[in-house]
Amino acid sequence: MRTLLWQETFKLLKKKSTYWVTIFLVISGLGQAFLEKLYPHNKVLTAPMAFSSSFAATTWLIFIMIAACATVLSMEFQYGTVKEIIYQQYSRSTILMSKWLVMLGYSIYLYVMTGAVALLGKVLFVNDQFSLTAIDPYSNHLTFLQQWLASMSSSFITLWLVLSVVFLFATLFRSATMAVTAGIVAFFAFNAVSVLMFKLITKFNWVKWNPFNFLNFSNQITDPARHALTQLSDTQLLIGSLAYTALFLAIGLVSFRRQNV
Amino acid sequence: MNQPILAVHQLNKSFGAKQVLHDVSFACQRGHVIGLVGANGAGKTTLMKAILGLTTATGQIRIDGQPTSFDHHEVLHEVGALIEYPSIYPFMSGRDHLKLFAKGPHRRQRIDRTIADLHLTKYIDRPAKGYSLGMKQKLGIALAILNDPKLVVLDEPMNGLDPQANKELRELIITKRQAGTTFLISSHILGELQRIADDLLVIDHGKIVKQTTMADLLAASSHQLILSTSDDAMARKVLTKAGYLLTEDPKPTIRVGAKTQLEPILDALSHQQITVLDIQHHDADLEDSVLKLLAQDQLQKEGQI
């Protein structure tokens, strides 16, 4: 397993995109904070609101991680390198798990890095607009710092629910395009169908257990009023998100273990 | 130590209703080069993939005495392979590939030695996406031998190699064989196989139709004597009458065994005042022998229908 983790990390670090992503996120985060400094009185996206999403980094991270997870597996099929990996002494399960773990590590790195950039942007550009220890009037009496941490950690859970679908599609179809599409659809098209879903939930209560409803976890953490729509508590959403993530990853694992290459 | 490095027993593989491997059984002795030959679609690559745990198959495979399968193949750390086409990450250099797959102690030395052995120095630090087919092929072979495996499985390793690279590969295989490495090599370039293989497996329609040593196969194949005489037409008549088996060739061409003596032939001709101007020996090569084997197999199959 250690060798496989090292191999996956080596490949990730050899991709130029890995470095460009970091550069882009630093520029984007600081740029957004600077815009908040230039337009302190805008009502569309106030500085505390922008800060709570690490100056839009959490949205970018979804795109970036969908692409990274889709390609980390499908590139092996595309380049034929999957043969090279499998005829090593390791089992298929260990191979796939090492990819999950490296992607988990990569996503944690990106969250910590963008978090640090957000703190830097806040201190450099919008320090005078709000205090981290002040209470956020829109939340459940949380400070801006607590609100930010809650938002970051809940969006991380939701991100991995989406990524488990991406891994599943990458395994089933061996295609980055299919996997990226599945991820984008799972996350973004969800907003389009959520109105219909919420209506269905009011009619048929059991519909609340469908996996799309669990994509509301991070939204509900930052906006507790959403509970009325999801009909699930924060804890239920957390456990359900983790359970669905594990389920989708497990289905992908079973499929990968049976694949001839 | 006499245990074969690779033993395959009753291996069967089907793709849906189509069976592509039928009860394949064979063994590879240590330090031998085994040629695997057969027509396109005969099952060579599928057989190699099954050995490497890349594809499911029923039957038993043992490498270095240890069972290996699709699900459990820890013993494959003793195996290096190049299957179908070289697997290359375009965003990495050749050296990065070697670093990625090098295992165990003395990695750096093994990487440097492999680069030197395969003459990769000129381009090993360039991004692999710019490599020609031959360069990729050599990198694929480098990856197969990098960790000093006991068994190396090579599927058409001469693909895309220029004559110089072919010669270098041949020499490398011979050197590694002398050091105890076993090679299982499939190739359509039978002339190259004839020069390096000790043993031969001929596969046709998923069945091993012949397992033999190269020396035995060539010795059993036909030898011919091609005569130039002062009167070829008369010579043909004389030799036919004397009981020799002649080919259709206008020159008096006799099919003979390995130990046929020349003297009675020359006597029979000189008796009729026919002067022998020249005698050439012609031995069938691997290509002739394999084609003959495959043709015989085809005839047998048609006979069964």
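Our subject is the structure listed above.
Given the structure is predicted, the values throughout are model-derived calculations rather than measurements. (Residues numbered from 1 in each chain as written. Chains lettered and ligands numbered in written order. Predicted model: local features only at pLDDT ≥ 70, side-chain atom pairs only at ≥ 80, totals over all residues. Heavy atoms only, no water.)

J.: Any details on the packing of helix H1 (residues 2-14) of chain A against helix H6 (residues 92-125) of chain A? Residues and values, ideally.
T.: Residues and elements named next belong to chain A. Following both chains from N to C, one finds H1 and H6 inclined at 50°, their axes separated by 9 Å at the closest point. Here H1 is positioned oblique relative to H6, judged by the angle of their axes. The handedness of the crossing between H1 and H6 is right-handed. Residue-level contacts link Leu4, Leu5, Glu8, Thr9, Lys11 and Leu12 of H1 to Thr94, Ile95, Ser98, Lys99, Leu101, Val102, Met103 and Tyr106 of H6. Its residues assigned to classes, the contact of H1 with H6 comprises 8 nonpolar, 3 polar and 3 charged. (Axes fitted to C-alpha atoms, helices over the stretch in contact; angles between N-to-C directions. Helix = DSSP H or I, 4+ residues; strand = E, 2+ residues; numbered from the N terminus. Parallel < 35°, antiparallel > 145°, perpendicular 65-115°, else oblique. Left-handed = near helix turned anticlockwise from the far one by under 90°. Contact = heavy atoms within 4.5 Å. Nonpolar A, V, L, I, M, F, W, Y, C, P; charged D, E, K, R; others polar.)

J.: Outline the packing of helix H8 (residues 232-241) of chain B against helix H9 (residues 263-271) of chain B, supporting the account with residue identities and numerical values.
T.: Residue and element names in this part refer to chain B. Packing of H8 against H9 brings their axes to within 10 Å, and their N-to-C directions diverge by 125°. As far as their axial angle goes, H9 and H8 are oblique. As for the relative orientation of H8 and H9, their crossing is right-handed in sense. Here H8 contributes Ala235, Val238 and Leu239 to the contact with H9, which in turn contributes Ile265, Ala268 and Leu269. Residue composition of the contact of H8 with H9, grouped by class: 6 nonpolar, no polar and no charged.

J.: Break down the packing of aromatic side chains for me, citing the residues and quoting the values.
T.: Taken as a whole and judged by the stated rule, the model has 20 aromatic pairs over all chains. Centroid distance Tyr244 of chain A to Phe248 of chain A: 5.8 Å. Interplanar angle 25°. Geometry classified as stacked. In this pair, Tyr244 of chain A and Phe248 of chain A are both assigned in helix H11 (residues 234-258), 4 residues apart and thus about one turn of the helix distant. Ring pairing ties together the aromatic residues Phe51, Phe55, Phe130, Phe144 and Trp148 of chain A, which thus form one cluster. Against the face of Phe70 of chain B rests Arg92 of chain A, its NZ or CZ located 3.7 Å from the ring centre. Above the plane of the ring of Phe130 of chain A lies Lys122 of chain A, whose end atom (NZ or CZ) is 4.8 Å from the centre. (Phe/Tyr/Trp six-rings, centres within 6.5 Å; stacked < 30°, edge-to-face > 60°. Lys NZ or Arg CZ within 6 Å of the ring centre and 35° of its normal.)

J.: Hey, could you go over the sheet that holds strand S2 (residues 18-28) of chain B for me, with residue numbers and the actual values?
T.: All names here are of chain B. What the 4 strands build is an open sheet, ordered S2-S1-S4-S5; its pairing is antiparallel. Where the open sheet ends on each side, the last strands, each with one partner, are S2 and strand S5 (66-68). In this sheet, adjacent strand axes meet at a mean angle of 25° when their direction is disregarded. As defined by bridge partners, strand S4 (residues 58-63) adjoins S5 across 3 bridges and the pair is classed as antiparallel. Counted as the bridge partner of Arg62 is Pro67 from S5. (Pairing = 2+ DSSP bridges.)

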